[in-house]
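# Overview (structure and organization)
Here is what each chain is made of, one letter per residue.
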Amino acid sequence: MLVFWWAERRSRTPMLPLGLFGSRPFSAANLAGFFLYGALAALLFVLPIQLQVTTGYSALATGLALLPLTALTLALSARSGTLAARLGPRVPLTAGSLICAMALLLATRIDAHASYPTDVLPVVLLVGVGIPLVTPAITATVLNAVPDTRAGIASAVSNGVARTAGLLVVAALPLLARLPQDAAGDPVALDHGFDRSMLNGSGLFVLGGLVAWFGIPPPAATTTGSVCRHNCATDPQLQPPARC
């Protein structure tokens, strides 16, 4: 990544114009997205293992237990996108992050004696409500922060940040949660590691919410014209559209 940054700085025609990060909403949305998508990856990686190894669910039962999360995400994404357009992305992004943080704190109650209606389902429902508030707001902020001619690059950066965050957090999670190599065969060790994983993930959600709240300006402060002029001034590779 450092070599890529160095090469892009020296290139006359960079694949990723680094001046894009001179936009405060663009940088803040991607940094918030790193924390939020990393936390979500941690949850989706560890929770199915916890349900099967510690709680005793079958693989099929685990999939069915998590199904409401997918259903709520599909059902609410369009509505939350409309909400973000009306209120601006900062409020839904922060609210969704804190809802998910609360869900992961509740997830620490999932153990060998967990009940689905009282312990597992509330976690699934809260995440299913929080994630649709987060994802459209991140996408809208990233795309609105750059000129239309750079929308493809902005979208690629956002997706790259999300995938990188998931890979790094999942790779680091066993170390952060102090999980032994044989944790999948040791329900007690896995249960302790799961609690630490959920606390770490909750902290990442809170960090993402804080970055969104303090890093993304209110709607009145971000207009297409000001963003366009900012990018044109800070990045010589950006060719300004006619409206600039």
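Keep in mind that this is a model prediction, so the values were computed, not measured.

Relative orientation of the contacting elements helix H4 (residues 90–107) and helix H7 (residues 187–215) amounts to 170°, with a least axis distance of 8 Å. In terms of axis orientation, H4 runs roughly antiparallel to H7. Between H4 and H7 lies a crossing whose hand is left-handed. For the pair H4 and H7, contact is made by Arg90, Val91, Leu93, Thr94, Ser97, Cys100, Ala101, Leu104, Leu105 and Ala107 and by Phe194, Met198, Leu199, Gly201, Ser202, Phe205, Val206, Gly208, Gly209, Ala212 and Trp213, respectively. Class assignment for the residues of the contact of H4 with H7 results in 14 nonpolar, 6 polar and 1 charged.

Time to look at unusual backbone geometry. Leaving glycine aside, a negative phi is the common case for residues, and trans is the common case for peptide bonds. The phi angle at arginine 178 is positive, at roughly 55°, despite the residue not being glycine. A relative accessible area of 58% means that arginine 178 is categorised as exposed.

Turning our attention to helix H5 (residues 116–144). The first and last C-alpha atoms of H5 sit 41 Å apart over 29 residues, in line with the 42 Å expected at 1.5 Å per residue. The largest bend along H5 reaches roughly 30° and is located at proline 122.

Across all of its chains, the model carries 2 aromatic pairs by this definition. Between phenylalanine 21 and phenylalanine 26, the ring centres sit 5.2 Å apart and the planes meet at 70°, which makes this aromatic pair edge-to-face. The exposure class assigned to phenylalanine 21 is partly exposed, which follows from its relative accessible area of 35%. On the basis of an interplanar angle of 75° and a centroid distance of 6.1 Å, the ring pair of phenylalanine 34 and phenylalanine 35 is categorised as edge-to-face. Overall, the relative accessible area of 29% leaves phenylalanine 34 in the partly exposed class. Judged by relative accessible area, which is 17%, phenylalanine 35 ranks as buried. Looking at arginine 90, its charged tip hangs above the ring of tryptophan 213, at a distance of 4.0 Å from the centre.

In this section: a nonpolar patch on the surface. A contiguous nonpolar patch, built from Leu87, Val91, Leu98, Val206, Leu207, Leu210, Trp213 and Phe214 and spanning about 690 Å² of accessible area, is present on the exposed surface. Of all elements in the fold, only H4 and H7 reach the threshold of two or more residues within the nonpolar patch. Broken down by element, the nonpolar patch gets its largest block of residues, 5 residues, from H7. Within the fold, valine 206 resides in helix H7. Here valine 206 falls in the partly exposed class, since its relative accessible area comes to 32%.

Another point: the confidence of the model for the protein. Regions with low pLDDT carry predicted coordinates that are not meant to be interpreted in detail. Looking at the protein as a whole, the pLDDT averages 88, with 90% of positions reaching at least 70. Low confidence marks residues 222–231, where pLDDT is under 50. Its contacts with residues over four positions away, or in another chain, come to 19 contacts. Across residues 239–244, confidence stays below pLDDT 50; counting only partners more than four residues off in sequence or on other chains, it has 9 contacts.

A word on the environment of serine 58. For serine 58, the position within the fold is in the loop between helix H2 (24–53) and helix H3 (59–87). C-alpha of serine 58 to C-alpha of proline 48: the two residues are 10 residues apart in sequence and 9.8 Å apart in space. A distance of 3.0 Å separates the side chain of serine 58 from the backbone nitrogen of alanine 61, its partner in a polar contact.

Here the focus is the side chain of serine 97. Relative to the helices and strands, serine 97 resides in helix H4. Those residues in contact with serine 97, other than ones at most four positions away along the chain, are Leu36, Val134, Phe205, Gly208 and Gly209.

What counts as what
Residues numbered from 1 in each chain as written. Predicted model: local features only at pLDDT ≥ 70, side-chain atom pairs only at ≥ 80, totals over all residues. Heavy atoms only, no water. Axes fitted to C-alpha atoms, helices over the stretch in contact; angles between N-to-C directions. Helix = DSSP H or I, 4+ residues; strand = E, 2+ residues; numbered from the N terminus. Parallel < 35°, antiparallel > 145°, perpendicular 65-115°, else oblique. Left-handed = near helix turned anticlockwise from the far one by under 90°. Contact = heavy atoms within 4.5 Å. Nonpolar A, V, L, I, M, F, W, Y, C, P; charged D, E, K, R; others polar. Buried < 20%, exposed > 50% of the residue type's maximum accessible area, 1.4 Å probe, protein only. Expected span 1.5 Å × (residues − 1). Bend = angle between axes of the 7 residues up to and from the residue. Phe/Tyr/Trp six-rings, centres within 6.5 Å; stacked < 30°, edge-to-face > 60°. Lys NZ or Arg CZ within 6 Å of the ring centre and 35° of its normal. Patch = residues over 30% accessible without salt bridge, like charges linked within 9 Å, V, L, I, M, F, W, Y side chains within 5 Å. Areas by Shrake-Rupley, 256 points an atom, 1.4 Å probe, with all protein chains shown as cover. Salt bridge = Lys/Arg side-chain N within 4 Å of Asp/Glu carboxyl O. pLDDT = per-residue confidence, 0-100. Polar contact = N/O pair within 3.5 Å; in protein donor to acceptor, adjacent residues only side chain to side chain.

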